[in-house]
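For reference, the chains in residue letters:
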Amino acid sequence: MKQREQARIKVLNTVLEYHLPIAQAAEIMGVSERHTERLVAACRKDGPAALAHGNRGRRPHNAVPEAAAAAVVKLASDGYAGANHSHFTKLLREREGIDLSRPTVRRILVKAGIGSPRSCRSQQHRFRRKRMPQEGMLIPVHGNPHAWPGEWADKFVLLLAVGDATGVVAQAIFHPTEDTRGYLVLLERLVWQSGIPLALYSDRHAAFKYDARQGPVLYESTQFARVTRELGIQQICAVSPQAKGACRADGVHLPGSAGH
């Protein structure tokens, strides 16, 4: 008898001895009062054996016969060695007349220690995007909320605009938070100093791109996006973590430093 059933017998015996009400016994066992009444009636009639499931020790009616399971293991080891579980299931149905589901075939083979072979895929090599040929064609912008030294620690965010062609910081400002106002100030200084760039490259911060998951709004375009559109600047938002960190503070070069 399982531990859970033994614990229930103790509770039901207490109920049969009229030391515990049905409602409290149901709460202790985690079942409904109606089910508790059925358990009490069964124990009163047949004793503790009534708690055992009627199918315990019996073979399930839908179980795969041992001879069929042995045939599946033999075919997987000899005639169809190397086929994965899905393909092997299809071959059994088409060629051997053994109609079993893929989970059933997998369960039989795993129990026998036969795993599903995996195809050897070639390693994917990633290549870094080439820099733009001319300065001002693409300007990555990013906010860096680092713990800056001294009295500025945890008080400011460094907003950067980096020249993609040179890797040199084109403009940088400290701002209390990474928000639309800060990026507009950064863009204004960048335009006054270096002219209007052809494109800006950024992550998917709320200042750059509207997120539909935040709820309905009147305009799906952000204020920063409207400004760039009026200036004729193409706004590109990164879609991968690698691209998102393209202009972090530790990945740029100050004027006069060597490129990578």
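Cut-offs applied
Residues numbered from 1 in each chain as written. Predicted model: local features only at pLDDT ≥ 70, side-chain atom pairs only at ≥ 80, totals over all residues. Heavy atoms only, no water. Phe/Tyr/Trp six-rings, centres within 6.5 Å; stacked < 30°, edge-to-face > 60°. Buried < 20%, exposed > 50% of the residue type's maximum accessible area, 1.4 Å probe, protein only. Helix = DSSP H or I, 4+ residues; strand = E, 2+ residues; numbered from the N terminus. Pairing = 2+ DSSP bridges. Axes fitted to C-alpha atoms, helices over the stretch in contact; angles between N-to-C directions. pLDDT = per-residue confidence, 0-100. Contact = heavy atoms within 4.5 Å. Parallel < 35°, antiparallel > 145°, perpendicular 65-115°, else oblique. Nonpolar A, V, L, I, M, F, W, Y, C, P; charged D, E, K, R; others polar. 1 Å grid on protein atoms, 1.4 Å probe; cavity = no way out; pocket = protein on both sides within 12 Å on 5 of 7 lines; lining within 4 Å. Points joined across faces, edges and corners; volume = space filled by probe spheres on them. Core = buried A, V, L, I, M, F, W, Y, C linked by side-chain atoms within 4.5 Å.

Some remarks on the packing of aromatic side chains
In the structure shown here, the tally under the stated rule is five aromatic pairs. Ring centres 5.8 Å apart and planes at 55° place the aromatic pair Tyr80 and Phe88 in the tilted group. On the accessibility criterion, Tyr80 (12% relative accessible area) is buried. One aromatic cluster is present, formed by Tyr183, Phe208 and Phe224 through successive ring pairs.

Description of the environment of Phe156
Secondary-structure assignment places Phe156 in the loop between strand S1 (139–144) and strand S2 (157–162). Expressed as a C-alpha distance, the spacing of Phe156 and Asn144, which sit 12 residues apart in the sequence, is 9.1 Å.

Details of the sheet that holds S2
Spatial ordering of the open sheet is given by S3-S2-S1-S4-S5, a layout of five strands whose pairing is mixed. Of all the strands in the sheet, the pair left with one neighbour each is strand S3 (169–175) and strand S5 (234–237). This sheet shows a mean twist of 20° between the axes of neighbouring strands, independent of strand direction. Both S1 and strand S4 (residues 199–202) contribute to a ladder of two bridges, which runs parallel. Bridge pairing in S4 places Ile139 opposite Leu200.

Thoughts on the confidence of the model for the chain
Parts of the model with low pLDDT should not have their predicted coordinates read in detail. A residue-level look at the chain finds 78% of positions with pLDDT of 70 or above and a mean pLDDT of 78. No element of the chain has a lower mean pLDDT than helix H9 (residues 241–244), at 56, and none a higher one than helix H7 (residues 180–194), at 91. Counting interchain partners and residues more than four positions distant, the pLDDT-below-50 stretch residues 247–260 has 29 contacts.

Topic: the packing of helix H4 (residues 66–77) against helix H6 (residues 102–111)
Where H4 contacts H6, the axes come no closer than 10 Å and their chain directions differ by 75°. By the angle between their directions, the pair H4 and H6 is classed as roughly perpendicular. Contact residues: Ala69, Val72, Val73 and Ala76 in H4; Val105, Ile108 and Leu109 in H6. Residue composition of the contact of H4 with H6, grouped by class: seven nonpolar, no polar and no charged.

Focus on empty space enclosed by the protein
With the rule as written, the count across this model stands at one cavity of 30 Å³ or more. Along its surface, the largest cavity is lined by Val141, Ala161, Tyr183, Leu186, Leu187, Leu190, Leu200 and Phe224. Among the elements that make up the lining of the largest cavity, the one with the highest residue count is H7 (four residues). A class-by-class count of the residues in the lining of the largest cavity yields eight nonpolar, no polar and no charged.

A few points about the nonpolar core
Among the nonpolar cores identified, the biggest contains 16 residues, and Val141, Tyr183, Leu186 and Leu200 are the most heavily contacted of them. Listing elements by their share of this core, those giving two or more residues are S1, S2, S3 and H7. Here this core takes four residues from H7, the largest share from any one element. Not counting the four nearest positions on each side in its chain, Tyr183 is found in contact with Val141, His142, Gly143, Leu159, Glu178, Ala207, Phe208 and Phe224. Among the nonpolar cores identified, the runner-up in size contains 13 residues, and Ala69, Leu91, Leu100 and Val105 belong to it.

Description of the pairing of S1
Most of S1 sits out of view: six of its six residues are buried. Because side chains alternate across S1, one face comprises the buried residues Ile139, Val141 and Gly143, and the other comprises Pro140, His142 and Asn144, equally buried.

Some remarks on the packing of H4 against helix H5 (residues 85–96)
One can describe the packing of H4 onto H5 by two numbers: an axis separation of 12 Å at closest approach and a directional angle of 110°. The orientation of H4 with respect to H5, classified from their angle, is roughly perpendicular. Contact residues: H4 offers Val72, Leu75 and Ala76, while H5 offers Phe88, Leu92 and Glu96. Looking at the contact of H4 with H5, its residues break down into five nonpolar, no polar and one charged.

Observations concerning the side chain of Asp164
Structurally, the position occupied by Asp164 is in the loop between S2 and S3. The residues contacting Asp164, other than those within four sequence positions of it, are Arg129, Lys130, Arg131, Met132, Leu138 and Pro140.

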